[in-house]
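Summary of structural features
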Amino acid sequence: MLHEIHHPLLQHKLTALRDRRTGCKEFRELASEITLLLAYEALKEVAVDDCEIETPLTTMTGKKLRNDLVIVPVLRAGVGMLDGMLTLVPTARVGFVGMYRDPETKEPVEYYCKLPENLVHPLAIVIDPMLATGGSLAATVDLLKRSGMDQVLVISILAAPEGVAVMTERHPDVPVYTAAVDERLNDHKYIVPGLGDAGDRLYGTK
Ligand code: PRP
Ligand code: URA
């Protein structure tokens, strides 16, 4: 279930993120801001329950979130979206999944997993800026479903049609929120036009 968000502010920020002249500091700030805007859309449909409260004047029925929200950044580039998520939902708990794409096979390799315990009806929000072949995110969602998450949703800044197809096939129940679905993958399985290597641009590795 794909949700491509076309808010003008989001598209403006995404264009700056893609630009090769954008340096590390601005890239990080933009990634956070874009995540916050995407997350606001992605959380529009989360379940709420009624709750009774007292205002200074009277009692009333308010709303509270039904699920424990667990933000799951996919190491390493997903960490670049964590600040934006926590700005929006500062009470959320955070789990980490380490997944990298083997440079030869392009297949995902899991190397780390630490998830919060004692969750009540957990809703996992997976954050990873790039949905390219879809291998990393599909494997992360497999892992989260096996770990007992009630629901999973994915927020990815950019997607390729190939990755969207893989997620739709392997996880048709998982909504994917993105700011753009680009044209295609190149021979190295990079998104085109894309933004390059998200991890390297966030952390200045290359
Ligand atoms: C990037 C990105 C995704 C993955 C997407 O991570 O952050 O996790 O590639 O590719 P896929 O859809 O084809 O699996 P990378 O493997 O470069 O690791 P990094 O975050 O540590 O740089
Ligand atoms: N990972 C990235 O960082 N960028 C891509 O375009 C594809 C995978």
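Refer to the structure above for everything that follows.
This write-up is about the structure you can find in this document. (Residues numbered from 1 in each chain as written. Chains lettered and ligands numbered in written order. Predicted model: local features only at pLDDT ≥ 70, side-chain atom pairs only at ≥ 80, totals over all residues. Heavy atoms only, no water.)

Digging into unusual backbone geometry
With glycine set apart, most residues show a phi of negative sign, and most peptide bonds adopt trans. The step from Leu-75 to Arg-76 runs through a cis peptide bond, and the omega angle for that step is 5 degrees. With respect to the helices and strands, Arg-76 occurs in the loop between strand S4 (68-75) and helix H3 (82-88). Between Val-192 and the following residue, Pro-193, the backbone shows a cis peptide bond with an omega angle of 0 degrees. At Asn-118, a residue that is not glycine, the phi angle is positive and equals roughly 55 degrees. With respect to the helices and strands, Asn-118 occurs in the loop between strand S7 (108-114) and strand S8 (122-127). You can call Asn-118 exposed: its relative accessible area is 72%. One non-glycine residue, His-121, lies in the positive phi region at around 45 degrees. (Helix = DSSP H or I, 4+ residues; strand = E, 2+ residues; numbered from the N terminus. Buried < 20%, exposed > 50% of the residue type's maximum accessible area, 1.4 Å probe, protein only.)

Topic: the site of ligand 2
In the neighbourhood of ligand 2, the contacting residues comprise Arg-101, Met-130, Ala-132, Lys-189, Tyr-190, Ile-191, Gly-196, Asp-197 and Ala-198. Contact distances for ligand 2 include 2.9 Å between a nitrogen atom and a backbone N or O atom of Gly-196. A distance of 2.8 Å separates an oxygen atom of ligand 2 from a polar atom in the backbone of Ala-198. Within the complex, 88% of the 240 Å² of free accessible area of ligand 2 lies under protein. Considered class by class, the residues forming the shell around ligand 2 number 5 nonpolar, 1 polar and 3 charged. (Near = heavy atom within 4 Å. Polar contact = N/O pair within 3.5 Å; in protein donor to acceptor, adjacent residues only side chain to side chain. Areas by Shrake-Rupley, 256 points an atom, 1.4 Å probe, with all protein chains shown as cover. Nonpolar A, V, L, I, M, F, W, Y, C, P; charged D, E, K, R; others polar.)

Just distances and angles here, no functional claims.
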